Amino acid sequence: MTTRNFEALFAPKRIALIGASDRPGSVGEVLAANLLAGGFSGELLFVNPKGRPVHGRTVFPSIAALPAVPDLAVIATPAPAVAGAIAELGGRGCRAAVVISAGFEGDDPESAARRQALLDAAKPHLLRVIGPNCLGLLSPRHGVNASFARNTPPAGAIALVAQSGAVAAAALDWAPAHGLGFSHVVTLGDSLDVDVGDMLDFLGRDPATRAILLYVESLRDARKFMSAARYAARAKPVILLKGGRSRAGAKAAFSHTRALAGADDVYAAAFRRAGVLQVDGLDDFLDAALVFAHGRPKTPGSLAILTNGGGAGVLAVDALERVGGQLTVLSAATQETLRALSPAHSTCANPVDILGDAPPDLYARSLAALLAAPEVDAVLVINCPTAVADSGLAADAVIAARAADAAHKPVLAAWLGEPSVAAGRARLAAAGVATYPTAEAAVRAFSRLAEAQRLHDQLLEAPDGAEETLDAGRAREIVRRALAEGRAALDPIEVQGVLRAYGVSTPDLRLAATPEAAGEAAMAVAPHGPVALKIQSPDISHKSDVGGVQLGLTGGIATARAAEAMLSRLKVARPDARLDGFLVQPMVSRPRAQEVLAGLVRDPTFGPVIVVGHGGVSVEVVADRALGLPPLNVALARDMIARTRVARLLAGYRDRPPADLDALAAVLVALGRLAVDLPEVAELDLNPVLCDDEGALAIDARIAVRAPDLATARPAILPYPAHLTRTVEVAGEPLTLRPIRPSDAARLVQMVDACTPEDVRLRFSGGMLHLDRDLATRLSQIDYDRHMALVAETAAGDLVGVGRLVEDPEGETAEFALMVRSDRQHHGLGGLLLQAVLDYASGRGLREVWGQVARENRPMLDLSHALGFTAQADDADMSRVCVTRPVGPAAS
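Residues numbered from 1 in each chain as written. Predicted model: local features only at pLDDT ≥ 70, side-chain atom pairs only at ≥ 80, totals over all residues. Heavy atoms only, no water.

Novice: Provide a residue-level description of the environment of I212, including the pertinent values.
Specialist: For I212, the position within the fold is in strand β11 (residues 211-216). Given the relative accessible area of 0%, I212 is considered buried. Sequence separation between I212 and P237 is 25 residues, and the spatial gap between their C-alpha atoms is 6.3 Å. What I212 contacts, discounting residues up to four positions off in sequence, is A159, L200, L203, G204, A232, K236, P237, V238 and I239. (Helix = DSSP H or I, 4+ residues; strand = E, 2+ residues; numbered from the N terminus. Buried < 20%, exposed > 50% of the residue type's maximum accessible area, 1.4 Å probe, protein only. Contact = heavy atoms within 4.5 Å.)

Novice: Could you give an account of the packing of aromatic side chains, naming the residues involved and the relevant values?
Specialist: Scanning all chains against the criterion turns up nine aromatic pairs. Judged by centre distance (4.6 Å) and plane angle (10°), the rings of F10 and F202 are stacked. Of this pair, F10 sits in helix α1 (residues 6-10) while F202 sits in helix α6 (residues 196-203), and the two are 192 residues apart along the sequence. By the burial criterion, F10 is buried, and F202 matches it. Three or more aromatic residues joined by ring pairs form one cluster here, namely F225, Y267, F271 and F606. (Phe/Tyr/Trp six-rings, centres within 6.5 Å; stacked < 30°, edge-to-face > 60°.)

Novice: Describe the nonpolar core, listing the residues and the values that go with them.
Specialist: In terms of nonpolar packing, the biggest core is built from 64 residues, with L9, M199, L200, L214 and F606 touching the most fellow members. Per-element tally for this core: the top contributor is helix α7 (residues 222-235), with seven residues. Those residues in contact with L214 that lie beyond four places of it in its chain are V161, V196, L200, F225, V238, I239, L240, L241 and F285. (Core = buried A, V, L, I, M, F, W, Y, C linked by side-chain atoms within 4.5 Å.)

Novice: Pulling in residues and values, what's your account of the side chain of S164?
Specialist: The residue S164 is located in the loop between β9 (155-162) and α5 (165-174) in this model. Judged by its relative accessible area of 13%, S164 falls in the buried class. Ignoring anything within four residues of it in the chain, the contact list for S164 reads T187, Y215 and E217.

Novice: Describe in detail the side chain of H787, supporting the description with residues and values.
Specialist: With respect to the helices and strands, the residue H787 is situated in strand β31 (residues 787-793). The buried category is assigned to H787, whose relative accessible area is 16%. One polar contact links H787 to R804, side chain to side chain, over a distance of 3.1 Å. If sequence neighbours within four positions are ignored, H787 has contacts with I782, R804, L805 and V806. (Polar contact = N/O pair within 3.5 Å; in protein donor to acceptor, adjacent residues only side chain to side chain.)

Novice: Break down the sheet that holds strand β19 (residues 510-512) for me, citing the residues and quoting the values.
Specialist: Taking strand neighbours across the sheet as the criterion, the four strands line up as β19-β22-β20-β21 in an open arrangement whose pairing is antiparallel. In this open sheet, the two edge strands, each paired with only one partner strand, are β19 and β21 (549-554). Direction aside, neighbouring strands of the sheet carry axes that sit 30° apart on average. (Pairing = 2+ DSSP bridges. Axes fitted to C-alpha atoms, helices over the stretch in contact; angles between N-to-C directions.)

Novice: Provide a residue-level description of the pairing of strand β36 (residues 880-886), including the pertinent values.
Specialist: In summary, the side chains of a regular strand alternate between the two faces of the sheet. Counting buried positions along β36 gives six out of seven residues, so the element sits mostly inside the fold. Bridge count for strand β34 (residues 848-854) against β36 is seven bridges, and the pairing is antiparallel. Across the sheet, the residue bridging to G851 is V883, located in β36. Relative to β36, strand β35 (residues 870-873) runs antiparallel, the two sharing four bridges. From the neighbouring strand, A871 faces β36, where its bridge partner is V883.

Novice: Go over the sheet that holds strand β15 (residues 352-353) with me, naming the residues and quoting the values.
Specialist: Strand order across the open sheet formed by five strands is β15-β14-β16-β17-β18, with parallel pairing between neighbours. The open sheet has two free edges, formed respectively by β15 and β18 (434-436), since each of these has just one partner strand. In the sheet, strand β16 (residues 379-383) pairs with strand β17 (residues 411-415) via five bridges, with the strands oriented parallel. Bridging from a neighbouring strand, V381 pairs with A413 of β17. Of the strands in this sheet, β17 and β18 touch helix α10 (residues 282-291), which is tilted by about 145° from β18.

As structure tokens, this is what we get:
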């Protein structure tokens, strides 16, 4: 993941347009006009072999003729010339390019060769490329319009990143009329270099950006996206619209789970896990942008409605109920205040109806009263046009009342109609009020606030490695033996062994080779009760489809006869099928249990995916499922269950008590651990899992295996690296050295609070004396990929030191940070932690580790020198020293 040289993209001092044109309406001419009209204060240089002036500007005949080196180049030449231009620009020191040119997107060898040539030209110079085949890039705050969009949008706090120039162009045209401005707009085109993950990494840290809009059609690097998206979503709202959501068929699926886990469902699960708010269409996308235009407001719990039309208020309440929102219950005091302001026939309960002839001052006073009420979290103001009141003046009144609200509670507006309310709607938008054409649209946007907060809160739910795998080694041996024998599926006995190794409960199961042996097995597993009999064939996945299941058999004789009859049916229905024998297991009598499906599939983009939903023979007809990415914990698993329709049945009804959802959640957590531990498991299907108040029992199961491939085996979210945990001794005290966990946030705060103000100042620049909870959460929730933190923990559970390593975007170097609690210094703990960080860096194959140390931090400078670091002045900050040490094979 890289943001190297992004300052050249988004804050260049000099821009060159390669392919500027004087032909009206051409891409080269529009690009030149936009660059000139955007307000860029730096130097603009135009290049065209013909050398004719463009918009009155001198045009240079070649890149070599440019009098100065551009930071950013905008390239609009024919595709065959692009790679040469990139190489020449890079050779002169240019650090970034936006390639507008098309002609790279085909599947033919010529297009592939052009793509590779472009990358080969850019790589030696670390020149960053946006595109090719894109609309361009806009950074209004810096006056940059390197695009052929129609206009330059106003500057604002929302960033837009789109894999479609058409979607970006529509948003750019829509935004000004709705009071929306942009910090940056980036169209990625073919994303040969800069991609969605890179942009999220940059925008998540960009102080000018308070919210991020994404239009995505596909992703190539799931782990890169998930890491960047989770980081960005912790800092600011990320709203996403996914294109290309059609679902491919699954006619030949091995399992019900595979048939239910469509590609779009997997993407949705990934976005949810990343804390990204996915919306359903372009209208919803743009409407959501309005409520997040200034970042993430305090999440409102309920909504108050102020309207001059009773019917419009009713529609708003209906819409609120549909999205699961809450209508604010106004207190008696608030209603009394409103009653004193309002005409005789108005309604002072919620929705508050101030009648069709409501003058502007009544709007202002009523809105002020609602905003002042402690029970009110947010207000939707509705205006219906009438001949006896001015909608524009009503808008002015709302703007004034909102501006006077010291609490800054969210205010949304719905000015219904078109020509009669256009002026008022425009004034509201210009004042920064989220304004909508209908009450329903406003309510839907309001609901996004709560949804985004739920997703943000769920980011705190990160499995921390506390759960231990019961017997992964045993399960791995079973799977590898099956692969060595050339099999694509485990037999039921092997399936039982794998599931039990991960703590999943299953009934006792016997395999019998003949009908007679099936009778004997029935007497062994259930001498006094009924058994289930099933055929076992590697050619038949769904046994009931061919009459291969019989339930409720009592005794050995009945079971043997049923097996004989089953053989006869199989010869007719599937004469080609191989038969390994019969499976016999005791019948489980749990009449009040609900049948649930639980499973595992592997997606080509996101790797392993866990599925849960309504189970039984009608599973694909009911098509009830929720998906999640491993690793999971109980809270994440229970959230998955809650998103299914079967969850309402599991909650209990009539004489059925609530099911043990923690037991079902434990099954999903186990599948998540299995998915990570055993990449050879391609698909796993538990159907049904009987779930009731006694627990969760997997009755039938299938596991498909294959040699793992990197794309589907690797989880999109790295699990907790428990293998790095070890015990060390410092000054005679045993300490646990382990990777940080999300649950360490509070202990991290306590550790910093226990340090002297001077030690805190030396570790955190900027005069910080206390580690707030939000920063502690970010420091403890890391991706364990490009970011690692090792903590030293006492037997009492206190943190006494942290060593941290953050890799650079290229994965070649990394910055370290170190802090030891003040009362634990000078005993060797700092050296131990820093050496552990260096060992980890070496294992990652990094070339160099560096850090910034305050000049007066003599102990840290001495320690770094003792461990082989060299020090030099930090030109960017004269109060600090940069210490650097090579690591890896080259260092030894």
